[in-house]
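The residues making up each chain are set out below.
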Amino acid sequence: MDKSEILNGIVNTTILHSDYKQTNGYSKNVITNGTHEKKNVESTVTNDLYSNKSANTYHNFSRSRCDSITLDDDKESKILVIYTGGTIGMMRNNDDVLVPTPNSFERKIKQDPHLYDAAYAQKKYGPAMNSSPLVLPKVKGFRRIIYSIYQYNELLDSSNMSIKDWKQIAEDIWQAYELYDGFVVLHGTDTLAYTASALSFMFENLGKTVIITGAQLPVFDLRTDGNDNFVNSLLIAGNYNIPEVTIFFHNKLLRGNRTVKIDSENFDAFDSPNVPPLAIAGIEINVSFRQIYRPKTIEKFSVHLSLNEHVSLLRIFPNITADTVRTFLQPPIEGVVLQTYGAGNLPCNREDIMAEVKKATDRGVMILNCSQCSKGSVNSVYQTGHILNQVGVISGNDITPEAALAKLSYVLSKDDWDFNTKRMMLGRNLRGEMGGGKSEQPNTLAEWDLVDAVARTLHVSSPHELNVLGAVLFPAMLSNAIVRSDLTKLDELKGFGADFSAQNSDGRTGLHLACALGNLKVVRYLLLNGSSVHIKDRFDRTPIIDAVENDHIEVIKLLRRCGAHLNSHPKYIGQQLCNAAAKGNINRLESYATAGADIATLSDINGRTALHTAALLNHEDVIDYLIDNQFADGEILDLMSVSPIEIARRKGHTNILEKLMNLSKYINK
Ligand code: ASN
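Residues numbered from 1 in each chain as written. Predicted model: local features only at pLDDT ≥ 70, side-chain atom pairs only at ≥ 80, totals over all residues. Heavy atoms only, no water.

Engineer: Hey, could you run me through helix 16 (residues 510-517) in this one?
Structural biologist: An α-helical segment advances 3.6 residues per turn. Residues three or four places apart therefore align on the same side. Those residues of helix 16 that sit buried are G510, L511, H512, A514 and C515. Tucked inside the fold, the buried residues of helix 16 contact helix 14 (463-483), helix 17 (520-528), helix 18 (543-548) and helix 19 (553-561). Of the residues trailing helix 16, G518 is marked for its positive phi of about 80°. (Buried < 20%, exposed > 50% of the residue type's maximum accessible area, 1.4 Å probe, protein only. Helix = DSSP H or I, 4+ residues; strand = E, 2+ residues; numbered from the N terminus. Contact = heavy atoms within 4.5 Å.)

Engineer: How should I be thinking about unusual backbone geometry in this particular structure?
Structural biologist: A cis amide bond, omega 10°, links P331 with the succeeding residue P332. The topology assignment puts P332 in the loop between helix 8 (322-328) and strand 17 (335-340). Backbone geometry places S485, a non-glycine residue, at a positive phi of 50°. Secondary-structure assignment places S485 in the loop between helix 14 and helix 15 (487-495). For S485, a relative accessible area of 31% puts it in the partly exposed group.

Engineer: Looking at this model, I keep getting lost on the pattern of salt bridges. Mind explaining?
Structural biologist: Opposite charge on two side chains permits them to pair, given that their charged atoms come into close proximity. The tally for this structure, following the rule as stated, stands at 35 salt bridges. For R541, the salt bridge is made with D546, and the minimal N-O distance between the two is 3.5 Å. (Salt bridge = Lys/Arg side-chain N within 4 Å of Asp/Glu carboxyl O.)

Engineer: Looking at this structure, how should I read the site of the ligand?
Structural biologist: The environment of the ligand is formed by G86, T87, D157, S158, G188, T189, D190, A215 and Q216. Within the side chain of D190, one N or O atom sits 2.9 Å away from a nitrogen atom of the ligand. Considering the ligand on its own, with 270 Å² of exposed area, one finds that the protein chains cover 89% of that surface. Across the shell around the ligand, the residue classes tally to one nonpolar, six polar and two charged. (Near = heavy atom within 4 Å. Polar contact = N/O pair within 3.5 Å; in protein donor to acceptor, adjacent residues only side chain to side chain. Areas by Shrake-Rupley, 256 points an atom, 1.4 Å probe, with all protein chains shown as cover. Nonpolar A, V, L, I, M, F, W, Y, C, P; charged D, E, K, R; others polar.)

Engineer: Which parts of the structure should I look at to understand helix 24 (residues 644-651)?
Structural biologist: Those residues of helix 24 that sit buried are P644, I645, I647 and A648. The arc enclosing the buried residues of helix 24, seen along the axis, measures out at 160°, which places them on a common side. Just downstream of helix 24, G652 is the residue with a positive phi angle, here 70°. (Arc of directions from axis to C-beta.)

Engineer: Sorry if this is basic, but what is going on with the confidence of the model for the protein chain here?
Structural biologist: In regions of low pLDDT, the predicted coordinates are not meant to be interpreted in detail. Per-residue confidence for the protein chain averages 85 on the pLDDT scale, and 84% of its residues sit at or above 70. For the stretch residues 1-72, pLDDT sits under 50, and the model shows 170 contacts to residues farther than four places along the chain or on other chains. When the criterion is pLDDT under 50, residues 437-446 qualifies, and its contacts beyond four places in sequence or with other chains add up to 20 contacts. (pLDDT = per-residue confidence, 0-100.)

Engineer: When you look at the packing of helix 20 (residues 570-583) against helix 21 (residues 586-594) in this model, what are you seeing that I'm missing?
Structural biologist: Packed helix pairs are characterised by how far apart their axes lie and by the angle those axes make with each other. The N-to-C vectors of helix 20 and helix 21 enclose an angle of 150°; their axes lie 8 Å apart at closest approach. In terms of orientation, helix 20 and helix 21 fall into the roughly antiparallel class. For helix 20 against helix 21, the interelement crossing comes out left-handed. Counting all contacts with helix 20, which are made through Y572, I573, Q576, L577, A580 and A581, the residues of helix 21 involved are R588, L589 and Y592. A per-class count over the contact of helix 20 with helix 21 returns seven nonpolar, one polar and one charged. (Axes fitted to C-alpha atoms, helices over the stretch in contact; angles between N-to-C directions. Parallel < 35°, antiparallel > 145°, perpendicular 65-115°, else oblique. Left-handed = near helix turned anticlockwise from the far one by under 90°.)

Written as structure tokens, this is what we have:
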């Protein structure tokens, strides 16, 4: 697939989220799928998007989605797989040596019935072509996973990766963010924890699941951990909203910035010593929803790309010399992770070392203290640790060295933070990377007493059953408070550890309900307390659809500020727009426009836009609305090659015809 095809793919889908790279041109999007060719437009996709790499494969979901006019039977999730290298995708050459083999990974996947459902793919997307997406065989109880593999040109052993590669991955996920439900990064295991830590900070207000995985043996070997790691990563990314950078390995989903590689030989190669796994894949996949670290701001996902490279790690050892410490802390070094003994101790009888550390912090070098032990945290219980605080060293609590390094790199590169803010941020829990965040210690009092009481009545006693019961009762209690707009009750539930992204048995969250009801105050409250705008219910609806279909414009605007976007089938939205135009329902058109739908170009299965419909039914007020808001293209053709102008002419709707003709003259000038 060449670059123009890639851009085509992006443009086609961009019709649903036109503000990503908006222009001030008359019309916001180009449709280039052969049916519509819009003139006088500026592309919404800047050409630098994929210019610095050649994509071997980057599938065009949108095109297949647009071409396929039947709505899906299986509920699907779309996952982008970014293949950076590592053992997982390697193949054995004739000498039985593992080597990365460019352009073979996807071909081999298509030959593997455990990774590719050829029959479903053929039915849905026609004969397999380079550009058609991959389909994972159906796993009962899970959404069907449709995935695309974007393979990097140079497949890297992860030991060779650096900041440049982290930026590349971050940028790619950013650019594809609205096109996919989740992301899986295939990566070598050696520096996987560093990459995960770095991405966790670079991603600000992440709302979707990002899983990094790899393997000790290649996915195509008969004996392999790669298959399990890959398949489980795809399933989790496509079925659960876990808006963190995580690592899936050996049946565990771990928080990326809490994880360390602990074993170079066994399949159980990673651990997060200070926090339990976020999910465990056994016979079922059990997710610890209350552990998930969710953004609690009204801001969109963005990526911070400029990391500070002048950071380093200094491990204290018994006979370390003051010279070594001094040399290490010299410019250009701006940040150092100091790995101290046990609970954060440095020899307090070594005044020479202390003096060097103090000189450095006085110069403005940020020093973050973390323990050489993988479990436990640094604190000032001993005099030896207490002194470090006095010389300006910041406590890293129970952070891993990998995460500490990434955090320093991130914080030091934040130009809008002054010196004191940077120090404060280093000591604060930003992405779940260290203890101290309230979210890790939910209260378990009164509301859980209620759960306990119900449990006793039902003779439920095991912790697992109790959790299941809580998962049923909490959404019901949340819904009740939301319907009554009872913020005090919501506060109480928060205190008792309620998960504000919890789904009921229809997969609906409190935010779905609040958006349908349109209470702005409640919606804001939920967003500020970790409700996700991306969770789909059993009917594939995200909360913004509830707001749109009830015309709560202010709610839609708030959701958009939080990064919500439409992800329904374009033809479904096109049909809704035509329905609205047919009924003269301008509010609904406005709701869809506010939600990011490109009213000018989205069409129903006959290729008809809202303008076609309004012209056919002589709805002059709708036509006025579409023209005034630059949502009108009188020359756009439906599948019968008929334009709105032609329709107005044939129907003898002279007022409309005149308006559309004037519009065309203006555009073509
Ligand atoms: N050396 C490999 C890498 O990190 C190790 C692996 O992937 N298992 O790329």
